[in-house]
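Read off the chains here:
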Amino acid sequence: MSAAEEPPAAGAPGPLAGIRILEVGTMLAGPYATMMLADLGAEVTKIEPPTGEISRQVSDTYFASLNRGKRSIRLELGTPEGRRKLHDLAANSHALLVNLKPSAIRRLGLTYDTLRAYNEKIVCVAITGFGLDGGDDPAFDYIVQAATGVAAMTGDPEGPPTLPGYSSADNSTGLTAALGLLAQIVSGRGGQVDVNLRDVMLSQLNYHASAYLNTGTAPTRRPNGAHSYYVPAQMFPTAEGHLALFITHDGFWKTFATEASVDGFPTMAERAERRDEVLAAVTEALAADTAVNWETRLRPLGIPAAAVRTLPESLDTTPQSVITAGDYRLVGSPIRITGHHPVYGPPPSLGEHDS
């Protein structure tokens, strides 16, 4: 292998090396966004109040899961001295990302309108519940899931609305904000990027929203999380455990039906029209074996199927996803870039990088 062909050594600079990002983030959406960028090589400086960002009070593992590889400085942004130091930092940074109430963002001078005086090219990203001009109504993750229709379409139709078991709105908004931040940096122009939880979740309901807006078809909750279009595509009980099966086209169905000895229903249209009959036949067939065995049988045939596992079971079977950051074992970046091997630094202690 020639020198030109040799892969970069572990710890080589990431694709965002040299990008300096300030974060005034709390809890989840903002810190998750900047951690994803830090994993890609950006230098992220977390600006915390003297008492520390509130997620430090949740638990050490919670804070570590959102703040590895960052720097920490303490600033009281409500004071003239704190604002002066912020302006000095902004003058030498590519971006500032903040998630607070709109009134607090403006009061503390964390917008492009304020910071452009110190750096014309800085990108200011605001994560809020309903937009910078949307008011200060509380907008925590679960509140937004309830308000946008996510909870109403989740769960068994005979039971109450249900929320996913993790912070889907916060995580999705963090990733969207990171995308907006990078897009504006690439443009070469400074400016304000405005991302809010409500709009992100409505965007993620894409085909459901399109069906309603264009045909008046509202989403409905179906048993076992069944898909609104594809049949069979849902959870099924088996002889032991539950199996997620996702049959999206006729080729998948033909292969599955042969393996499971299910007759009939050869086309997608027929399966959708005769949903109840299809589900009854598939449920009866899957009862003959365990979820794990069905997964073992179906996956080599190219059929999308998975036994339902707990998070501990999933982590135990994917050790390549687990990394070490200081004293913590965490799930690493999901972004794989050829030649880039992230160096996962520990979460910073409060004020570790005060000058």
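Keep in mind that this is a model prediction, so the values were computed, not measured.

Asker: Could you clarify how one ought to interpret the packing of aromatic side chains in this entry?
Answerer: Where two aromatic rings form a pair, the distance of their centres and the angle of their planes describe that pair. If you walk through the whole model with that rule in mind, you get four aromatic pairs. When the ring of Y207 is compared with that of Y229, the centres are 5.9 Å apart and the planes differ by 45°; the resulting orientation is tilted. Placement of the pair is Y207 in helix α9 (residues 206-215) and Y229 in the loop between α9 and β7 (233-237), with a sequence separation of 22 residues. Judged by relative accessible area, which is 35%, Y207 ranks as partly exposed. Measuring from ring centre to ring centre gives 5.8 Å for W253 and F256, while their planes differ by 50°; the resulting arrangement is tilted. Within this pair, W253 and its partner F256 are both found in helix α10 (residues 250-260), separated by three residues, close to a single helical turn. Under the relative-accessibility criterion, W253 is labelled buried at 3%. Among the aromatic residues, those joined into a ring-pair cluster are W253, F256 and F265. Over the aromatic face of W294 sits the side chain of R297, whose NZ or CZ is 4.0 Å from the ring centroid.

Asker: It is not clear to me how the domain arrangement of the chain should be interpreted in this structure. Could you clarify?
Answerer: Where interface size is given, it is often the accessible area lost as the parts come together that is meant. Taken as a whole, the chain is organised into domain 1 (20-205) and domain 2 (242-307). A separation of 42 Å is found between the C-alpha centroids of domain 1 and domain 2.

Asker: What should I look at first to understand helix α8 (residues 197-204) in this one?
Answerer: Since there are 3.6 residues in each turn of an α-helix, residues three or four apart along the chain are aligned in direction. For α8, the complete set of buried residues consists of L197, V200 and M201. For α8, the angular spread of buried residues about the axis comes to 95°, placing them on one side.

Asker: What is the right way to read the pairing of strand β5 (residues 123-128) from this model?
Answerer: Along a regular strand, successive side chains alternate from one face of the sheet to the other. Counting buried residues in β5 gives six out of six residues, a clear majority hidden from the surface. Pairing geometry for strand β4 (residues 95-99) and β5, over five bridges, is parallel. Bridging from a neighbouring strand, A95 pairs with V123 of β5. Bridge count for β5 against strand β6 (residues 191-196) is six bridges, and the pairing is parallel. Residue V123 lies in a different strand from β6, and its bridge partner there is G191.

Asker: What is the right way to read the sheet that holds strand β3 (residues 71-74) from this model?
Answerer: Sheet strands pair by backbone hydrogen bonding; their relative direction is either parallel or antiparallel. An order of β3-β2-β1-β4-β5-β6 is seen for the six strands of this open sheet, with the pairing classed as parallel. Because the sheet does not close on itself, it has two edges, and the strands there are β3 and β6. Ignoring strand direction, the axes of neighbouring strands in this sheet form an average angle of 20°. In this sheet, β4 lies alongside strand β1 (residues 20-24) in parallel orientation, the contact comprising four bridges. Looking at β4, one finds that L22 is bridged to L96. Packed on one face of the sheet, helix α3 (residues 80-91) meets β1, β2 (43-48) and β3 and runs near 150° to β1.

Asker: Even after reading the chapter, I still don't get the packing of helix α1 (residues 29-39) against helix α7 (residues 168-187), so can you show me in this structure?
Answerer: To describe two helices that pack against each other, one gives the angle between their axes and the distance between the axes. Interhelical geometry of α1 versus α7 gives an angle of 50° and a closest axis separation of 8 Å. With respect to their mutual orientation, α1 and α7 come out oblique. With respect to the hand of their crossing, α1 and α7 are arranged in right-handed fashion. Seen from α1, the contacting residues are A29, Y32, A33, M36 and L37; seen from α7, they are D170, N171, G174, L175, A178, L181 and L182.

Asker: Just to check I follow, could you spell out the packing of α7 against α8 for this structure?
Answerer: Close contact between α7 and α8 brings their axes to 9 Å; oriented N to C, the two are set at 95°. When the axis of α7 is compared with that of α8, the two are roughly perpendicular. Each of S168, A169, D170, S172, T173 and T176 in α7 lies in contact with α8, whose residues at this interface are L197, V200, M201 and Q204. Here the residues of the contact of α7 with α8 sort into four nonpolar, five polar and one charged.

Asker: What should I look at first to understand the nonpolar core in this one?
Answerer: General note: in soluble globular proteins, nonpolar side chains tend to be found buried as a group. Ranked by size, the top nonpolar core spans 28 residues in total, and within it I21, L37, A42, L97, V125 and L181 carry the most contacts. Among the elements of the structure, α1, β4, β5, α7, β6 and α8 are those that each provide at least two residues to this core. Non-local contacts of L37, meaning those with residues more than four positions away in its chain, are made with L16, I21, A42, A178, L181 and L182. With 22 residues, the next largest nonpolar core counts A260, V262, V278 and L279 among its residues.

Asker: Would you explain the layout of surface pockets in this entry?
Answerer: A water-sized probe rolled over the atoms picks out the places where empty space is left. Estimates place the volume of the largest pocket at around 1000 Å³. Along the wall of the largest pocket there are 34 residues; nearest its centre are S65, R68, L330, V331 and G332. Counting residues per element, the lining of the largest pocket draws most heavily on helix α2 (residues 60-67), at four residues. Residues of the lining of the largest pocket, tallied by class, amount to 19 nonpolar, eleven polar and four charged.

Asker: How should I be thinking about the environment of K85 in this particular structure?
Answerer: With respect to the secondary-structure elements, K85 resides in helix α3. When the C-alpha atoms of K85 and G135 are compared, they prove to be 28 Å apart, with 50 residues separating the residues in sequence.

Asker: So what exactly am I meant to see when it comes to the pattern of salt bridges here?
Answerer: Once their charged atoms are close, side chains differing in charge can pair, the charge on each being opposite to the other. Using the criterion set out here, one finds 18 salt bridges in the structure. Of the charged contacts in the structure, one is a salt bridge between E53 and K46, with a shortest N-O distance of 3.0 Å. A salt bridge links D289 to R297, with the nearest nitrogen and oxygen atoms 3.0 Å apart. With relative accessibility at 17%, the residue D289 sits in the buried group. Classification of R297 as partly exposed rests on a relative accessible area of 29%.

Procedures and definitions
- Residues numbered from 1 in each chain as written.
- Predicted model: local features only at pLDDT ≥ 70, side-chain atom pairs only at ≥ 80, totals over all residues.
- Heavy atoms only, no water.
- Phe/Tyr/Trp six-rings, centres within 6.5 Å; stacked < 30°, edge-to-face > 60°.
- Helix = DSSP H or I, 4+ residues; strand = E, 2+ residues; numbered from the N terminus.
- Buried < 20%, exposed > 50% of the residue type's maximum accessible area, 1.4 Å probe, protein only.
- Lys NZ or Arg CZ within 6 Å of the ring centre and 35° of its normal.
- Domains from an automatic or database assignment.
- Arc of directions from axis to C-beta.
- Pairing = 2+ DSSP bridges.
- Axes fitted to C-alpha atoms, helices over the stretch in contact; angles between N-to-C directions.
- Contact = heavy atoms within 4.5 Å.
- Parallel < 35°, antiparallel > 145°, perpendicular 65-115°, else oblique.
- Left-handed = near helix turned anticlockwise from the far one by under 90°.
- Nonpolar A, V, L, I, M, F, W, Y, C, P; charged D, E, K, R; others polar.
- Core = buried A, V, L, I, M, F, W, Y, C linked by side-chain atoms within 4.5 Å.
- 1 Å grid on protein atoms, 1.4 Å probe; cavity = no way out; pocket = protein on both sides within 12 Å on 5 of 7 lines; lining within 4 Å.
- Points joined across faces, edges and corners; volume = space filled by probe spheres on them.
- Salt bridge = Lys/Arg side-chain N within 4 Å of Asp/Glu carboxyl O.

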